[in-house]
Amino acid sequence: MKPLRRWVLKFGPGFARGLRRSRPRPSDRWHLDEMVVRIPGKRMYLWRAVDHEDEVLDMLVQRRRDKRAALRLMRKLLRKQGFAPNLLTTGKLGSYGSAFRHLRLACPHEQGLRANNRAENSHEGVRRRERKMQRFKSAGSAQRFLNMQAAVHNNFNLQRHLISRSTLRAFRAEATARWQGAVAAV
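All values reported here derive from a predicted model rather than from experimental measurement. (Residues numbered from 1 in each chain as written. Predicted model: local features only at pLDDT ≥ 70, side-chain atom pairs only at ≥ 80, totals over all residues. Heavy atoms only, no water.)

**Student:** I'd like to hear about the side chain of T90, residue by residue, with values.
**Tutor:** Of note, T90 is situated in strand β4 (residues 87–90). For T90, a relative accessible area of 0% puts it in the buried group. With near-sequence residues (within four places) excluded, T90 lies in contact with L32, Y96, F100, H109, E110, Q111, G112 and N116. (Helix = DSSP H or I, 4+ residues; strand = E, 2+ residues; numbered from the N terminus. Buried < 20%, exposed > 50% of the residue type's maximum accessible area, 1.4 Å probe, protein only. Contact = heavy atoms within 4.5 Å.)

**Student:** Break down the pattern of salt bridges for me, with residues and values.
**Tutor:** According to the stated counting rule, one finds four salt bridges in the structure shown. The residue K80 makes a salt bridge to D58 at a minimum N-O spacing of 3.5 Å. One end of the pair, K80, is in helix α2 (residues 67–81); the other, D58, is in strand β3 (residues 56–62), with 22 residues separating them in the sequence. Owing to a relative accessible area of 40%, K80 belongs among the partly exposed residues under this scheme. Residue D58 is classed as buried on the basis of its relative accessible area of 2%. Here the salt bridges do not stand alone but share partners, grouping D58, K76 and K80 into one network. (Salt bridge = Lys/Arg side-chain N within 4 Å of Asp/Glu carboxyl O.)

**Student:** Talk me through the sheet that holds β3; I want residue IDs and the actual numbers.
**Tutor:** In space, the five strands of this open sheet follow the order β3-β2-β1-β4-β5, with mixed pairing throughout. Either end of the sheet is taken by a strand with one partner, and the two such strands are β3 and β5 (109–111). Averaged over all adjacent pairs, the angle separating strand axes in this sheet is 20 degrees, with direction ignored. Here strand β2 (residues 42–51) runs beside β3; their pairing, made up of six bridges, is antiparallel. Residue pairing for β3: Y45 is matched across the bridge by Q62. Running at roughly 145 degrees to β3, α2 makes contact with β1 (29–39), β2, β3 and β4 of the sheet. Helix α5 (residues 139–156) contacts β1, β2 and β3 of the sheet and is inclined by roughly 170 degrees relative to β3. (Pairing = 2+ DSSP bridges. Axes fitted to C-alpha atoms, helices over the stretch in contact; angles between N-to-C directions.)

**Student:** Help me get a handle on the pairing of β2, residues and values and all.
**Tutor:** Successive side chains on a regular strand alternate, one facing one side of the sheet and the next facing the other. Of all the 10 residues making up β2, eight are buried; the element is thus mostly covered by neighbouring parts of the structure. Pairing analysis gives 10 bridges linking β1 to β2, with the strands arranged antiparallel. Across the sheet, residue H31 finds its bridge partner in β2, namely V50.

**Student:** Pulling in residues and values, what's your account of the packing of aromatic side chains?
**Tutor:** Taken as a whole and judged by the stated rule, the model has three aromatic pairs. Where W47 meets Y96, the ring centres are 5.6 Å apart and the plane angle is 75 degrees; that geometry is what we call edge-to-face. Taken as a pair, W47 in strand β2 and Y96 in helix α3 (residues 94–103) lie far apart in primary sequence, 49 residues in all. (Phe/Tyr/Trp six-rings, centres within 6.5 Å; stacked < 30°, edge-to-face > 60°.)

Here's what the structure looks like:
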């Protein structure tokens, strides 16, 4: 194994935890979606949850695309975030509806044509990284890599259409300083 990869496997999760702790509470409007990922010839599903500002809330690599997988993602999300959303938007997969009924969530559940574009667009970064890495080697390595990558992405993700160029520069400088502080702490 290459030294850089060993370094990332050893220190990456600590950096990701530190970055997640320093993030403010995410939005209460969540978008959930799943995508197919090929892991050595097998079809796996990457379940992702993002808020309406494109911040990655959580992800889960599963072999199936059924109610159990949707329930596992939702339970993990609720436990990790500590609050229930005010609005859930998903694709038209029936597993989401049955999982929400099972959990007895009181929030509205939107399903519709183009309603979940926020989550669909968030897959682009994963696809790009998947191509650069020449596919993922195992489900565990995909889960580890994508969790670390999501924490870093959230740290540098800014809503460009809402801020001016000078404010964007200041935010990026602040995010870089936080990143350097997290690296120094480990």
